[in-house]
Amino acid sequence: MTDQIFQPFIFANGAQLKNRIVMPPMTTWSGNEDGTVSDEEIAYYRARAGGVGMIITGTTYTVANGRGFPGQFAGYDDRFLPSLAKLAATAKEQGAKAILQIFHAGRMSMPELTGNDVVSASDIAAPRPGAACPRALSEEEIDGIIESFAATTQRAISAGFDGVEIHGANSYLIQQFFSPHSNRRNDAWGGAREKRARFPLAVVDAVCAVVRSRASKDFIVGYRFSPEEIEEPGITLDDTFYLIDQLTQKPLTYLHASLHQYNGTSLRNQDDRHVVGQGLHRHIAGRLPLIGVGSVKTAGELAQAFDCGYELVAVGRALIAEPQWVQKVRHGEAVGHQLISRASIKDHSMPQKMFDTMKIYFPASIAD
Ligand SMILES: Cc1cc2nc3c(=O)[nH]c(=O)nc-3n(C[C@H](O)[C@H](O)[C@H](O)COP(=O)(O)O)c2cc1C
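Note that the coordinates shown come from a computational prediction; the quantities given were computed from them, not determined experimentally. Within any chain, residue numbers begin from 1 and follow the written order of that chain's sequence. For this predicted model, a pLDDT threshold of at least 70 governs which residues receive local features, and a threshold of 80 or more governs which side-chain atom pairs are given and counted, while totals over whole chains, interfaces and linings are taken from all residues. Remark: hydrogens and water are excluded; side-chain values derive from all non-hydrogen atoms of the structure.

### A few points about the environment of C208
Each helix corresponds to a stretch of at least 4 residues labelled H or I by DSSP, and each strand to a stretch of at least 2 residues labelled E; elements are numbered beginning at the N terminus. With respect to the helices and strands, C208 occurs in helix α6 (residues 198-214). Relative accessible area serves as the criterion here: at 5%, C208 is assigned to the buried category. It is 9.9 Å that separates the C-alpha atoms of C208 and F219, two residues lying eleven residues apart in sequence. Every residue pair with non-hydrogen atoms within 4.5 Å of one another is taken to be in contact. In this structure, C208 is in contact with V221, P251 and L252, ignoring residues within four places of it in sequence. Think of it in three bands: with a 1.4 Å probe and only protein chains considered, a residue is buried below 20% of the maximum accessible area for its type, exposed above 50%, and partly exposed in between.

Right, here's the structure in full:
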């Protein structure tokens with residue numbers, strides 16, 4: 001596989017990437033107060049856009065109270081079109097495909113970000129310190145949120161993005177509907193696994209319908225999922241295999257597993273020594289390409305990640321620490337030992353707020 005990493009990769013719909021390395025979605029917490037993409041963010045993307053085949057942007061929210069973070073850029077209204085267009089143009093200008101990640105934070109948000117209206121599938125707080133107790137969405141509101149994913153996809157098309165990634169991972173609203181922990185509904189949207197899968201699949205259908213009628217044939221639609229939850233009850237690998245079987249029947253372009261470690265083992269079952277990503281890839285069995293991710297820092301780890309079977313591999317924190325990571329790997333230069341340091345953030349076009357927030361949430365990636 002190593003010799004193919006820097007060869008073009010062609011999706012089934014004809015979209016072509018210049019190589020198989022992806023920048024995964026990474027929130028910067030550095031957008032403007034008014035929800036537009038900031039100049040600092042543009043510089044951050046530009047500095048990293050030259051090497052990878054595809055850039056997935058940090059996630060954007062499809063309705064106002066779906067906001068997840070301070071400084072998150074918005075996609076929920078047409079007034080954000082110029083801002084989205086600037087981001088798309090920057091991500092694409094050096095030959096990468098630009099993908100807008102779209103989400104609703106659900107119960108992972110905070111009252112102050114949502115106008116005191118944190119919502120989810122059910123009124124169950126996330127089992128995390130200080131988590132707000134959400135309000136359960138009405139069926140009418142659920143329909144509205146599904147529609148908002150379609151509307152934001154339309155904006156992505158108008159703004160010039162090459163695709164969207166539906167963020168069904170990392171405990172946000174789409175995952176909250178699939179999870180037996182956060183979804184305790186007993187209507188058509190909850191209960192048995194098939195019913196809990198209904199919301200994620202309805203979002204996929206709504207997004208794909210807009211793409212079919214409004215975008216070119218090679219517009220990319222990806223779906224990101226977290227294979228397991230540690231909550232009890234929580235999403236199991238078996239649940240995820242079920243979801244994958246449903247997703248692969250949809251006109252999606254790729255699947256993207258959200259993993260901390262590209263070759264990690266099960267979070268729920270410590271006795272299971274199988275590599276989760278390999279198991280996912282085996283289960284997908286070529287029905288869609290799979291993006292793997294998680295702690296790839298060196299050229300050797302990149303090769304090992306591809307050996308797990310992933311068609312594409314995403315490199316996140318290493319690309320923050322070294323914007324020229326892909327070019328350096330390609331030219332055989334050493335990479336992977338850099339931590340993100342305060343001294344280097346200016347040279348590396350990293351927004352100050354991103355550095356400060358990563359210090360809190362990703363301290364192991366920060367040097368000082
Ligand atoms: C600063 C930061 C922000 C992130 N924001 C998002 C996000 O907006 N959407 C998402 O799906 N994952 C997000 N992630 C997870 C990454 O996409 C990726 O899965 C994770 O960092 C593991 O890859 P890495 O070890 O190569 O960094 C974020 C990670 C980091 C470090």
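### Considering the packing of helix α7 (residues 237-247) against helix α8 (residues 276-284)
All axes here are fitted lines through C-alpha atoms, helices being fitted over the stretch that makes contact, and every angle between N-to-C directions spans 0 to 180 degrees. At a closest axis distance of 10 Å, the pairing of α7 and α8 adopts a crossing angle of 35 degrees. When you trace α7 past α8, the crossing you get is right-handed. Of α8, the residues touching α7 (which contributes L237, T240, F241, I244 and D245) are V276, G279, L280, H283 and I284. Residues are sorted three ways: Asp, Glu, Lys and Arg are charged, Ala, Val, Leu, Ile, Met, Phe, Trp, Tyr, Cys and Pro are nonpolar, and all the rest, Gly among them, are polar. Residue classes in the contact of α7 with α8 are distributed as six nonpolar, three polar and one charged. By definition, turning the near helix anticlockwise from the far helix through less than a right angle yields a left-handed crossing, and turning it clockwise yields a right-handed one.

### Regarding the pairing of strand β11 (residues 254-257)
In β11, alternate side chains face the same way, and those of Y254 and H256 on one face and L255 and A257 on the other are all buried. If you view a crossover with the strands going away from you and the path from the first strand over the helix to the second runs clockwise, you call it right-handed. A crossover connection joins strand β10 (residues 220-225) to the parallel β11 through α7; in handedness this β-α-β unit is right-handed. Once you follow β11 into α8 and on to strand β12 (residues 290-293), the crossover reads as right-handed.

### Looking at a nonpolar patch on the surface
On the surface, a cluster of nonpolar side chains totalling about 350 Å² of accessible area is made up of I360, Y361 and F362. Among the structural elements, Y361 can be located in helix α12 (residues 352-361). You can call Y361 exposed: its relative accessible area is 57%. By definition, no residue in a patch forms a salt bridge, and every one has over 30% relative accessible area; like charges are joined within 9 Å, nonpolar side chains (Val, Leu, Ile, Met, Phe, Trp, Tyr) within 5 Å. Computed by Shrake-Rupley with a 1.4 Å probe, the accessible areas treat only the displayed protein chains as cover when residues are assessed. Every case where a carboxyl oxygen of Asp or Glu lies within 4 Å of a side-chain nitrogen of Lys or Arg is listed as a salt bridge.

### Considerations on the site of the ligand
Close to the ligand lie 21 residues; P25, T27, R224, S295 and R317 are nearest. Any pair of N or O atoms that falls within 3.5 Å is considered a polar contact. Within protein, one atom must be able to donate a hydrogen and the other to accept it, and sequence-neighbouring residues count only if both atoms are side-chain atoms. In the environment of the ligand, an oxygen atom lies 2.7 Å from a nitrogen or oxygen atom belonging to the backbone of S295. The separation between an oxygen atom of the ligand and a polar side-chain atom of R317 is 2.6 Å. Surface burial for the ligand is 92%, taken as the share of its 610 Å² of free accessible area covered by protein chains. Residue composition of the shell around the ligand, by class: ten nonpolar, nine polar and two charged. What makes a residue near a molecule or strand is one non-hydrogen atom of that residue sitting within 4 Å of it.

### A few points about unusual backbone geometry
Note: most peptide bonds trans; most residues except glycine with negative phi. Cis rather than trans, the peptide bond between E232 and P233 has omega equal to 0 degrees. One can find P233 in the loop between β10 and α7. Phi at N170 takes a positive value of approximately 55 degrees, unusual for a residue other than glycine. By the element assignment, N170 lies in the loop between β9 (163-168) and α4 (173-178). Notably, S295 is not glycine yet its phi reads approximately 65 degrees, a positive angle. Inspection of the secondary structure puts S295 in the loop between β12 and α9 (299-307).

### Overview of the environment of N13
Examined against the element boundaries, N13 turns out to sit in the loop between β1 (9-10) and β2 (16-17). Residue N13 is classed as buried on the basis of its relative accessible area of 15%. A polar contact of 3.0 Å, which involves the side chain of N13, links it to the backbone nitrogen of A15.

### Describing α9
When we look at burial in α9, the residues that qualify are L302, A303, A305 and F306. Along the axis of α9, the buried positions cluster into a sector of 155 degrees, meaning they face one direction only. Lining the buried residues of α9 we find β3 (21-23), β13 (312-314) and α11 (325-330). Directly after α9, the chain includes G309, whose backbone phi takes a positive value near 115 degrees. Taken from the helix axis, the directions to the C-beta atoms give the arc we talk about.

### Things to note about the packing of helix α1 (residues 39-48) against helix α2 (residues 81-92)
Between two packed helices, the angle of one axis relative to the other and the distance separating the axes together describe the packing. Contact geometry for α1 and α2: axes closest at 9 Å, N-to-C directions at 20 degrees. In this view, α1 runs roughly parallel relative to α2, as classed from their interaxial angle. With respect to the hand of their crossing, α1 and α2 are arranged in right-handed fashion. In this structure, α1 contributes D39, I42, Y45 and R46 to the contact, and α2 contributes K86, L87 and T90. Along the lines of polarity and charge, the residues of the contact of α1 with α2 split into three nonpolar, one polar and three charged. Note on terminology: angles under 35 degrees are roughly parallel, angles over 145 are roughly antiparallel, angles of 65 to 115 are roughly perpendicular, and the others are oblique.

### What to know about the packing of aromatic side chains
Centres within 6.5 Å make a pair out of two Phe, Tyr or Trp rings, where for Trp the six-membered ring is used; the pair is then stacked when the planes are under 30 degrees apart, edge-to-face when over 60, and tilted otherwise. Applying the stated rule across the entire model yields twelve aromatic pairs. Put simply, the rings of W29, F69, F103, Y172 and Y361 touch in pairs and so form one group of aromatic residues. Put simply, a charge is over a ring when the Lys NZ or the Arg CZ is close to the ring centre, within 6 Å, and near the line of the ring normal, within 35 degrees. We note R196 situated over the ring of F178; from NZ or CZ to the ring centre the distance is 5.9 Å. Here R198 stacks its cationic end above the ring of W189, 4.0 Å away from the centre of that ring.

### Comments concerning the nonpolar core
The biggest cluster of nonpolar side chains holds 118 residues, and the ones touching the most others in it are M54, F199, Y223, L255, L302 and W325. The greatest single-element share of this core, amounting to ten residues, is contributed by α6. Non-local contacts of L255, meaning those with residues more than four positions away in its chain, are made with Y223, F225, I244, L247, T248, I284, L288, P289, L290 and I291. Here, nonpolar core refers to any group of buried Ala, Val, Leu, Ile, Met, Phe, Trp, Tyr and Cys residues whose side-chain atoms link them within 4.5 Å.

### A short note on the pattern of salt bridges
Applying the stated criterion across every chain yields a total of 16 salt bridges. The salt bridge partner of D39 is K86, with a shortest N-O separation of 3.6 Å. On the criterion of sequence distance, the pair formed by D39 in helix α1 and K86 in helix α2 is long-range, its members being 47 residues apart. Look at D39 and you get exposed, because its relative accessible area is 59%. Between K328 and E322 there is a salt bridge whose closest N-O contact spans 3.2 Å. Residue E322 is classed as buried on the basis of its relative accessible area, which comes to 7%. Several salt bridges share partner residues, and in doing so they unite D117, R135 and E141 into one network.

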